[in-house]
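Residue strings, one per chain:
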Amino acid sequence: MLAGVAATGLAAAGPASAELVISNWDGYMAPDAVTAFTSETGEAAEMVVHATNEEIMGKLIASGGAGYDVVFVSSPFAEVLHNLDLLEPIDAGKVPNLVNLFPEAAALPHDPGNTFSVPYAWGTTGLCYRSDLVSPEPTSWNDLLHPAEAQVGKVTLLGTDRWLLAAGLLAHGLSVNETDQAKLDEVEADLIEAKKTMLAFDDTTFYSKLVSGEATLVHAWDGWCNYGIAENPAIKFMIPSEGSDLWVDTMVVMKASGNKDGAFKFINYILDAKNHAWAAENILYKVPNKPAMESLSPDMAATYPNMGMAPADLVALEQLRDVGEASRAYAKAVSAIKAAQ
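Residues numbered from 1 in each chain as written. Predicted model: local features only at pLDDT ≥ 70, side-chain atom pairs only at ≥ 80, totals over all residues. Heavy atoms only, no water.

A. Local environment of the state of the cysteines. Tallied over the full model, the rule gives one disulfide. The partner cysteine of C128 in its disulfide is C225, sulfur to sulfur 2.1 Å. Measuring handedness by torsion sign, the sulfur bridge of C128 and C225 sits at about 85° and is right-handed. Highlighted residues: C128 in strand 4 (residues 118–130) and C225 in helix 8 (residues 222–231), separated in sequence by 97 residues. In this pair, the class of C128 matches that of C225, namely buried. (Disulfide = S-S within 2.5 Å. Helix = DSSP H or I, 4+ residues; strand = E, 2+ residues; numbered from the N terminus. Buried < 20%, exposed > 50% of the residue type's maximum accessible area, 1.4 Å probe, protein only.)

B. Seen up close, the pattern of salt bridges. Tallied over the entire structure, the rule returns 13 salt bridges. Residues E79 and R321 are paired through a salt bridge, measuring 3.0 Å at the closest nitrogen-oxygen approach. Note that E79 is positioned in helix 3 (residues 75–83) and R321 in the loop between strand 10 (318–319) and helix 14 (326–339), a separation of 242 residues in sequence. Of the residues examined, R321 reaches a relative accessible area of 25% and is grouped as partly exposed. (Salt bridge = Lys/Arg side-chain N within 4 Å of Asp/Glu carboxyl O.)

C. Helix 14, seen in detail. In this model helix 14 runs 20 Å from its N-terminal to its C-terminal C-alpha over 14 residues, within 8% of the 20 Å that 1.5 Å per residue would give. Inspection of helix 14 places A326, A329, Y330, A333, V334 and I337 among the buried residues, and these make up the whole buried set. Buried residues in helix 14, looked at end-on, bunch into an arc of 130°, giving them a common side. Turned more than 90 degrees away from the buried face of helix 14 sit R328, K332 and A339, all of them exposed. Residues of helix 14 that are buried in the fold lie against helix 5 (161–171), helix 6 (181–195) and strand 6 (200–201). (Expected span 1.5 Å × (residues − 1). Arc of directions from axis to C-beta. Contact = heavy atoms within 4.5 Å.)

D. Inspection of the pairing of strand 4 at higher detail. With 13 of 13 residues buried, strand 4 lies mostly within the body of the structure. Two strands pair when backbone bridges link them, and strand 4 and strand 9 (residues 245–253) are joined in this way by six bridges, in the antiparallel orientation. What sits directly across from P119, in strand 9, is T250. Direction of pairing for strand 4 relative to strand 7 (residues 217–221): antiparallel, over a ladder of five bridges. Looking across to strand 7, one finds that G126 is bridged to A220. Of the strand pairs in this sheet, strand 4 and strand 8 (residues 235–238) are connected by four bridges, and their pairing is antiparallel. Bridge assignment links R130 to a residue of strand 8, and that residue is I235. (Pairing = 2+ DSSP bridges.)

Here it is as structure tokens:
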């Protein structure tokens, strides 16, 4: 899910010679996580950075997973890697901290029982808006796609394939994993029309646009809306009445890994409550770790209400899944939308 977070200077862009190679989005775990893991376990390790799911997938598929041990990818991409037989089954005996996961996180539709992936962070997508500049408050995806006159030119949509189309699919009452071409065509046409009212497609700076007032209503991942809330408490997040998606970022172990025991040790290290809590406290994303979430200050949910969303409510949303061959139709539709004048 992560499109990019604050840079931490953790590593170079490709694997080198360390015994254990971990690939993650920049800034998505504690800056000292790898060195602390090495100190605690004696396992030599290094962290390398990927900017997007698509970037790391290209490398993993081209190499058959060679050169990587633990990789952070969003769940639809973990499904693809599993279906390509590139993932090592999760050895629960070597990851005792799996017990820290919420029960709902051990029963996710893409991988019931965490057989090939371990959830790291989860959340949803919705409307992030300036409550002092938007009235009445939004309730529907159509408030984003067909905004009131006062919001025209002040709306942004996520541009990543799955989330851009999800906004249109949900507005039409469809599944976020829809594969029927006729329905995808309808959504494409609607989003092309919606583009005329937009300020921009924006996956990385939409919350800054809200803070400045350049935008008043944006399509946002919940954690990223929190970045705006941190700067202006008039910014609010809501899930539209039609529902939304459940996104899950996961940790997987490559079958080509030369150090699977070390890989499982690293996942176990991350699942330690105090280590996993870092993500919730510092990147303002919910983590599927019960003791980690319980350790957070009550002030966090008071300041960022979506951080208090119950796991049962979160998993009631539809999880983004691998749509197989329809991925090409998604990409084609998004290209057409972005190219439209």
